[in-house]
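Take a look at the letters that make up each chain.
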Amino acid sequence: MDPIAIAFKSTVVLATAGLLSVFLRRHSAAARHLVWTLALPGLALIVPALPVDSTPPAALLFSTTVIATAAPTSPIDTGPSVPATPAPWLPTLTQLWALGTALMLAHLAYALFALARLRRACPVLSQHPLILQSAPGSMPLTFGFLRPVILLPADAASWPADRRAQVILHELANIRRHDFALQLISRIALAAFWWQPLAWFAWRRLLMERETAADDLVLNEGVQPSIYAGHLLAVAAASQSPHFAIGMARTRPLESRLQAILSPTTNRATPNRLTITLGLLATVAALTPLAALRAQGPVPALLAQAAQEYREHRSAAALTLYRQALPLLGNEPAAAPAVLALGVDALHRKSYDEAYLLFDRLPLADPKLSTRARLWQGLTLEFKGDFVGAEPLFQQAITQANVPTNDLITALELYVRFLIHLPGRTPDVNTYAAQAAALRQSTRRSPPAASSTAVRIGDDVLPPKLLAKIEPTYSEEARTAKLSGTAVLSIEVDASGHPQNINVLRSPGLGLDAEAVAAVQQWRFQPGTRSGTPVAVLATVEVNFRLL
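Computed from a predicted structure; not experimentally measured.

## Details of the side chain of S138
Phase 1 of the analysis: Within the secondary structure, S138 is located in the loop between β3 (131–134) and β4 (141–143).
Phase 2 of the analysis: With a relative accessible area of 9%, S138 lands in the buried category.
Phase 3 of the analysis: Here S134 takes part through its side chain, which lies 2.7 Å from a polar atom of the side chain of S138.

Dropping the structure here:
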């Protein structure tokens, strides 16, 4: 969930509703109320067996070995190791958003509970319609879904008969228009977008147009406007009204309602069902493509720049960019690379608690990385010297993987390395090592089908010769985890000596396969030949990653 994109889209929706409301200023209040009723809930619309190839692999022609130190210096020069102190917790934008929404929904739930309690406490005056008697001096109001109720104050019995009738007529207009249900739906939408100023503006406009539309229904029954305006002012003097019920004269200011009531030119037409249906369909049609849009904020640019900087240089600048982007991302999937890079950097600096908390956040951004997150937490505690705490995390990393993956194989191999240093665990070492070896063998991929022009070495086909190569670099993840292994690649060397169609047949894990592919892509060959003519040839490359 990208907060910037949602802010952009909600602003577009509500601003459009505001412009449409201005365009409809000479139409009825019911038409404008329909616009705001559709706009607020409409915000919810903007919130996003394999075939087996038995082709035999090409003969192994090329092999290279990458050797690196197991304990590199951190990309950020921090001098001596920092003590393991907990990283300060700061709420993300998503967490603040959720907290505000939860508070508003809790307040709404309390208001509905209070209304239900009030309904049970009030005596019944009439069954059809259902009218209850509330405390003297309270405001006439209505609420409820399946069987809405009207509340009249106890002193309403002393009102003039026409005032009492017109008040009941106004509340019946709210019931007829299903205003309480629409208000509840809109309030829930407002709770989800409490941080959006235009949402609060839309909420106030919705309440005002709702009461004006109910006034229009009363006047359409033949009530004299001047008399009705007088009764409205008298009722407005009442100050007691429970929260969230639809009070007759609760909406402020009253001046605009009184002007609309007394003006002979006010349009009091009520939209028919066809108009409402068309409005609903138009809202869905307009918001559906908007949901696919992405706001061009600073986050995508920051991420792209950080990813390129980290991939090419693994510099302090890349980590700084990731730190800038992470608070804006919350737990979005796009945050996963930033969380992982910053966690690895914290582990470099021996800031174990900071690294542990960052890795704990990884599956929140991408649940598919749950195995890797627990693996990194296990490694963090292992390097910290907490072997008792590390082992359950290694085991969780293994058990959380539902299908064989590179992360599972890596977790098994690093768990075996961990067990080797524990006394009396030889049987476990043998068991998990055998399981890792079996999975490694079963997950080795067959090379993809060769292109129509590529041929295999043999007979009159001579192999290509390596002219120049770029040595792969160790990924920061693998170096930090002290992981060694071999990447096996299938390639086609085309007739010009360039590697094409590079595929990973075996991955050692933790990004080493990507490093191998990136390096082999830059290799240059003297092309293979058939009868002296250069041709595309299939080949296999092994890249061995070793730590000193």
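## Concerning the nonpolar core
Phase 1 of the analysis: Formed by 66 residues in total, the largest nonpolar core has its most connected members in W376, F394, L489, I491 and V520.
Phase 2 of the analysis: In this view, W376 contacts L340, V344, L347, F359, E477, T480, A481 and L510; residues no more than four positions away in its chain are not counted.
Phase 3 of the analysis: Counting 36 residues, the second largest nonpolar core, distinct from the first, contains L14, L24, F143 and L184.

## A short note on the pattern of salt bridges
Phase 1 of the analysis: In this structure the tally under the stated criterion is 17 salt bridges.
Phase 2 of the analysis: In this structure, D353 engages K384 in a salt bridge whose closest nitrogen and oxygen atoms are separated by 3.2 Å. Highlighted residues: D353 in helix α13 (residues 352–365) and K384 in helix α14 (residues 370–384), separated in sequence by 31 residues.
Phase 3 of the analysis: A single salt-bridge network, built from bridges that share partners, covers R32, R205 and E209.

## Some details on the pairing of strand β9 (residues 485–493)
Along any regular strand, the residues point their side chains to alternate faces of the sheet.
Phase 1 of the analysis: By the criterion of burial, β9 is predominantly enclosed, with nine of the nine residues buried.
Phase 2 of the analysis: Covered by surrounding structure in β9 are G485, A487, L489, I491 and V493 together with T486, V488, S490 and E492, the residues of both alternating faces.
Phase 3 of the analysis: Judged from the nine bridges that link them, β9 and strand β14 (residues 537–547) form a sheet pairing that is antiparallel. Within β14, the residue paired with L489 across the bridge is V541.
Phase 4 of the analysis: Connecting the antiparallel pair β9 and strand β10 (residues 499–506) is a turn made up of five residues, with G497 showing a positive phi of about 90°.

## Structural notes on the environment of I398
Phase 1 of the analysis: Following the sequence through the fold, I398 ends up in helix α15 (residues 387–399).
Phase 2 of the analysis: What makes I398 buried here is its relative accessible area of 11%.
Phase 3 of the analysis: Remark: the alpha-carbon pair of I398 and L412, spanning 14 residues in sequence, is separated by 6.7 Å.
Phase 4 of the analysis: Not counting chain neighbours up to four residues away, the residues in contact with I398 comprise L408, A411, L412, Y415 and Y432.

## Thoughts on the side chain of S507
Phase 1 of the analysis: As for its position among the elements, S507 is in the loop between β10 and α19 (512–520).
Phase 2 of the analysis: Within the structure, S507 has its side chain in polar contact with the backbone nitrogen of G509 (distance 3.1 Å).
Phase 3 of the analysis: Within polar-contact distance, the side chain of S507 engages the side chain of D513 at 3.1 Å.
Phase 4 of the analysis: When residues no more than four places from it in sequence are discounted, the contact partners of S507 are N406, R440, T486 and D513.

## Things to note about the packing of helix α5 (residues 179–192) against helix α6 (residues 197–219)
Phase 1 of the analysis: Where α5 contacts α6, the two axes come as close as 10 Å, and the packing angle between them is 170°. Looking at the two axes, α5 sits roughly antiparallel to α6. Contacts between α5 and α6 involve D179, Q183, S186, R187 and L190 on the former and, on the latter, A199, W200, W203, L206, L207 and R210.

## So, the packing of helix α12 (residues 336–348) against α13
Phase 1 of the analysis: For the pair α12 and α13, the least separation of the axes is 8 Å and the interaxial angle reads 160°. Compared by their axis directions, α12 and α13 come out roughly antiparallel. As α12 runs across α13, the sense of the crossing is left-handed. Counted together, A336, V339, L340, L342, G343, V344, A346 and L347 of α12 and Y352, E354, A355, L358, F359, R361, L362 and A365 of α13 form the full contact between these two elements.

## So, unusual backbone geometry
Phase 1 of the analysis: Residues H128 and P129 are joined by a peptide bond in cis, for which omega reads -5°.
Phase 2 of the analysis: Secondary-structure assignment places P129 in the loop between β2 (124–126) and β3.
Phase 3 of the analysis: Not every positive phi belongs to a glycine, and N501 is a case in point at roughly 45°.

## Section: the sheet that holds strand β5 (residues 149–153)
Phase 1 of the analysis: The sheet built from five strands is open, its strands ordered β2-β3-β5-β4-β6 with mixed pairing. Of all the strands in the sheet, just β2 and β6 (246–247) have a single pairing partner and so form its edges.
Phase 2 of the analysis: The pairing of β4 with β5 spans three bridges and is classified as antiparallel. Across the sheet, the residue bridging to F143 is V149, located in β5.

Scoring rules and cut-offs
- Residues numbered from 1 in each chain as written.
- Predicted model: local features only at pLDDT ≥ 70, side-chain atom pairs only at ≥ 80, totals over all residues.
- Heavy atoms only, no water.
- Helix = DSSP H or I, 4+ residues; strand = E, 2+ residues; numbered from the N terminus.
- Buried < 20%, exposed > 50% of the residue type's maximum accessible area, 1.4 Å probe, protein only.
- Polar contact = N/O pair within 3.5 Å; in protein donor to acceptor, adjacent residues only side chain to side chain.
- Core = buried A, V, L, I, M, F, W, Y, C linked by side-chain atoms within 4.5 Å.
- Contact = heavy atoms within 4.5 Å.
- Salt bridge = Lys/Arg side-chain N within 4 Å of Asp/Glu carboxyl O.
- Pairing = 2+ DSSP bridges.
- Axes fitted to C-alpha atoms, helices over the stretch in contact; angles between N-to-C directions.
- Parallel < 35°, antiparallel > 145°, perpendicular 65-115°, else oblique.
- Left-handed = near helix turned anticlockwise from the far one by under 90°.

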